[in-house]
Every structure is written in C-alpha cells, then in structure tokens.
Amino acid sequence: MNRLRVTPRPVLALTAIWLTTRALMLWLLTLGGARLLGGGAVTREVWRLYFHWYGVLTHGSFPVHDTLWQYPPGAGAVLLAPGLLPGLTYFEAFVTVTLAVDALTLAALLRAGTRPGRSLLGAAVWTGGLPLLLHLPLARYDVQVTALAVLCLLASARSPRAGGVLGALGALVKVWPALVLLGAPRGRPTRTAWGWAGWAGLACLALFAVRFAHPLSFLREQGGRGVQIESLGGTALNLARHAGWPGRTRYRYGAIEIVGPYAQAVATASLALTAVAFGLLVLWRVRARHWTEATPFDAALSAVLLFTVTSRVISPQYMIWLIGLAAVCLTSRHTRQRPVAVLVLAASALSTVAYPMFYGEVVEGTWAGCLLMLARNGVLTAAAVLSFGRLWRAARPPAGKTVPPTQPRADSDRLPERALSLS
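The notes below deal with the structure included here.

Reading the values: the criteria
Residues numbered from 1 in each chain as written. Predicted model: local features only at pLDDT ≥ 70, side-chain atom pairs only at ≥ 80, totals over all residues. Heavy atoms only, no water. Patch = residues over 30% accessible without salt bridge, like charges linked within 9 Å, V, L, I, M, F, W, Y side chains within 5 Å. Areas by Shrake-Rupley, 256 points an atom, 1.4 Å probe, with all protein chains shown as cover. Salt bridge = Lys/Arg side-chain N within 4 Å of Asp/Glu carboxyl O. Helix = DSSP H or I, 4+ residues; strand = E, 2+ residues; numbered from the N terminus. Buried < 20%, exposed > 50% of the residue type's maximum accessible area, 1.4 Å probe, protein only. Expected span 1.5 Å × (residues − 1). Contact = heavy atoms within 4.5 Å. Axes fitted to C-alpha atoms, helices over the stretch in contact; angles between N-to-C directions. Parallel < 35°, antiparallel > 145°, perpendicular 65-115°, else oblique. Left-handed = near helix turned anticlockwise from the far one by under 90°. Nonpolar A, V, L, I, M, F, W, Y, C, P; charged D, E, K, R; others polar. Pairing = 2+ DSSP bridges. 1 Å grid on protein atoms, 1.4 Å probe; cavity = no way out; pocket = protein on both sides within 12 Å on 5 of 7 lines; lining within 4 Å. Points joined across faces, edges and corners; volume = space filled by probe spheres on them. Core = buried A, V, L, I, M, F, W, Y, C linked by side-chain atoms within 4.5 Å.

A short note on a nonpolar patch on the surface
A contiguous nonpolar patch, built from W199, L202, L205, L216 and L219 and spanning about 540 Å² of accessible area, is present on the exposed surface. Here L216 is to be found in the loop between α8 (188-211) and β1 (227-228). L216 gets classed as partly exposed once you look at its relative accessible area, which sits at 47%.

Here we look at helix α13 (residues 338-357)
The terminal C-alpha atoms of α13 lie 28 Å apart, and with 20 residues this matches the ideal 28 Å at 1.5 Å per residue to within 8%. Residues of α13 that are buried: V340, A341, V344, A347, S348, S351, T352, A354, Y355 and P356. Looking at the buried residues of α13, the elements they touch are α2 (41-58), α11 (295-309), α12 (318-329), α14 (359-364) and α15 (367-394).

Details of the environment of R250
Within the secondary structure, R250 sits in strand β2 (residues 248-252). Since its relative accessible area comes to 35%, R250 is described here as partly exposed. For the pair R250 and Q228, spaced 22 residues apart in sequence, the C-alpha to C-alpha distance is 9.4 Å.

A closer look at the packing of helix α9 (residues 232-241) against α15
At a minimum axis separation of 10 Å, α9 and α15 run at an interaxial angle of 150 degrees. It follows that α9 is roughly antiparallel to α15 by the angle criterion. For the element pair α9 and α15, the recorded crossing hand is left-handed. Here L232, T235, N238 and L239 of α9 come into contact with α15, specifically with W367, C370, M373, L374, N377 and T381. When its residues are assigned to classes, the contact of α9 with α15 shows 6 nonpolar, 4 polar and no charged.

A few points about the sheet that holds strand β3 (residues 255-259)
Ordered in space as β1-β3-β2, the 3 strands form an open sheet in which the pairing is antiparallel. Every interior strand has two partners, whereas the edge strands, β1 and β2, have only one.

A word on the layout of surface pockets
Picture a little ball the size of a water molecule; that probe, rolled over the atoms, points out where space is still empty. By volume, the largest pocket is sized at about 1,500 Å³. Looking at the largest pocket, it is lined by 47 residues, and the ones nearest its centre are Q70, R225, V313, S315 and Y318. Going through the elements one at a time, α2, β3, α10 (263-287), α11 and α12 are the ones with two or more residues in the lining of the largest pocket. The biggest single contributor to the lining of the largest pocket is α2, with 6 residues.

Digging into the nonpolar core
Ranked by size, the top nonpolar core spans 107 residues in total, and within it Y50, W126, Y141, W284 and L325 carry the most contacts. The element that contributes the greatest number of residues to this core is α12, accounting for 11 residues. Every residue in contact with L325, bar those within four places of it in the chain, is listed here: A149, L153, W176, V180, A300, L301 and V304. Judged by nonpolar contacts, the second largest core, of 6 residues, contains L237, I258, A263 and A267.

Have a look at this one:
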C-alpha cells in the first residue's frame, strides 16, 4: 500500500474549511427569503417542485405531461433518496443528503490528491469553489450528479469497469456525465469503460421500466425548449432589445425564456453549434496521439464546457458541474487546465451576482443585467475555447519525437502513473 506523501496538515485544513463554508451555506439557506438571496426562489424548487415529483414517484410512476420533468429516470432515484431519512421534512432530508454527497466528493478528491505525484489543489477548488454559488448547491440535485462524474473519472484511472458503471449512472440522472468517458485511453480501457457503461445503463433502464410507469416520459418535453435568458443566445437577444427588437421574456419549461421574432432561429443555431462542438471532440479523439494520466480529466472538462456554452439553456447550477470537473483536473500535476479552472471559478462568482442577487435586472433586460450576463458568458466562452485549445495541443506528440505504437498491457484495467503515448 502506498503511504501518503503529504503531511496531514493540508487535509485537516481543507476539512476545517469545508465545515466552515458549509455551515455558512446552511446559514444562507435560513436567510433565503432575502431579496439579494433570491426572495425564496432558490429553495422553492426543493420544497415545491422536487417534493411534488417525490409524491408522484412514490406512487410508482414518473411525471407524465409535465413540461418541467425533463430528466432521465435516474433522477427519480435521487429525488426519492430523502425519503430514506425518517423524522425529517423532505427539504431537511434533501439538504442532508446533498451535504453527505458533497462530503463524499471532497473525500474522494482528498484521497486522489494525497497519492504520490498528485495534488490537493482539486480538493481545494471543490471546497472553496462551491460556496461561490452561495446556498444554491444545497437546493439543487446537481451536487449528486457531479459526484457521480467525479467518482467516474477518479475510478476510471484504476478500473475502467467501475468508471463505466459510474458514468452510466450519472448519465441516467442528468445525461451530461456520459461525456466524461470521452477521454478514456484508446484500446482496451475505452472498450471496457464504454462497454460496461452501456450494459449498466441498459440494466438500470430495465429496472426502472419494471418498477415505474413511463420511465421515458422526459423525452417528449425536450423538443419545445426555447432560448433561456442566461444562455449565450439569450444574452444576444436581450442586448437586441436595446436596439429595438420586440422580444419579451416568458416562463416556460422551468426557466425564463426570451421569445419573439428570430428566437427560434437562435435556438436552432445553438443546437447546430452543439453539433459542431461534438464534431470537434470526435475529431480530437480521432487525431489524439499523446495521453497522460490527466488527459481523461482534461477531456471531460473541455467537453462539458463546450456543450454548456453552446446550449440553449445555461442554468446557474451548471457551474457546479464545471467546478467538480475542474477539481478533478487539478488533482493531477499533468493537467493542462489550470488557467481554465481559474476562469470557471470567475464565471461561478459572476453567476452568483446574476442569480440570485440581481436576477430581476437580467430578466428585465436592463443594461446592468445584460452586461452582467455578457461578462459571465464571455468568461465561460473564453474558458471553453482555451480548454479545447490546450486539450488539442496536449494530445499531439512533442516536437521532434515519434510516438511508437503501444500494445495494451496485460493489466490494462489499471493506467500507469507515468504519461502514456498511445497510437
């Protein structure tokens, strides 16, 4: 067994900071009715919407004909989990479960960071980055989803099978964790991870189909979504209102969307950009020749960033995903995403200013609201471009060196700690 090569002092310090910041986040929950904290809108999603879905799920069915239910069936398991804690209200139990998963994520990052050649910067980013979103992470189930993605990446380095199963579970909860398997090293590790992900996903879907009615009801609610006001397209349309464009905002599909002439064209353009982003990632995968232990981590962050900035919807809780993936990248000293992690933290802070603090300005389309979203989305876009550029350059062989073909190792389920060069 490898002994830890760091003193326990940094681990104890991070644990103390985690306890302090989470206590502050809990305190903010109690003040959630304040205007600058959203006037109760942040916590309302749990005690009203999640609790409503919990009631539907306990009767053996997924929500049907509910435009707000846009999540894969695995989300049902997350929303049912608070029911396992007796003696608490649904809201109290949900926050308790979220804090427990938050602590589990920190423990996984600490364990990864204390291995030889690794870094505790990842645990520091998770510990200090999540409070930048104030109390929002405790009132959304995105911490649970991000935990599955984080565990998937950390586990994949030693067991592609476990990584594939965790990636499938994450995708069944909120789709995007499927992207974290994109950077699996070529050859047997990729076949193992993707194969186990596919079989695990099918098995879980079968279980949901047996236990619940209408497990795929979420699919019919996706096509009609428009341009959310916080997306890049929404920011452009909001600015166009100052130039005389006759658009307006409307609450649909659980978000404030901006509607009017050409809004549907902007939504279509967003989908087209998402397809282009996917094509770029596939091209990277095909042309990549040089892998290190950090490549799967870096590819996951880059992929989710690209899909986030091209999406029709950029909800503030999406920043939780990016903080978690940036934290995984920084557990490795070989990562090329350190500047990207800084931009992610900056974008998270700006997201908090936009929501919940000055969301009214954003919805009304004032100059302050428009400039605020322009700054946040500008930082996110810069992070996505920088991330993919660094990922692309890192995957090419060093100048003047030839990368020999590498045969799969007999123990290929365990990646070497040194850099890999795979053809």
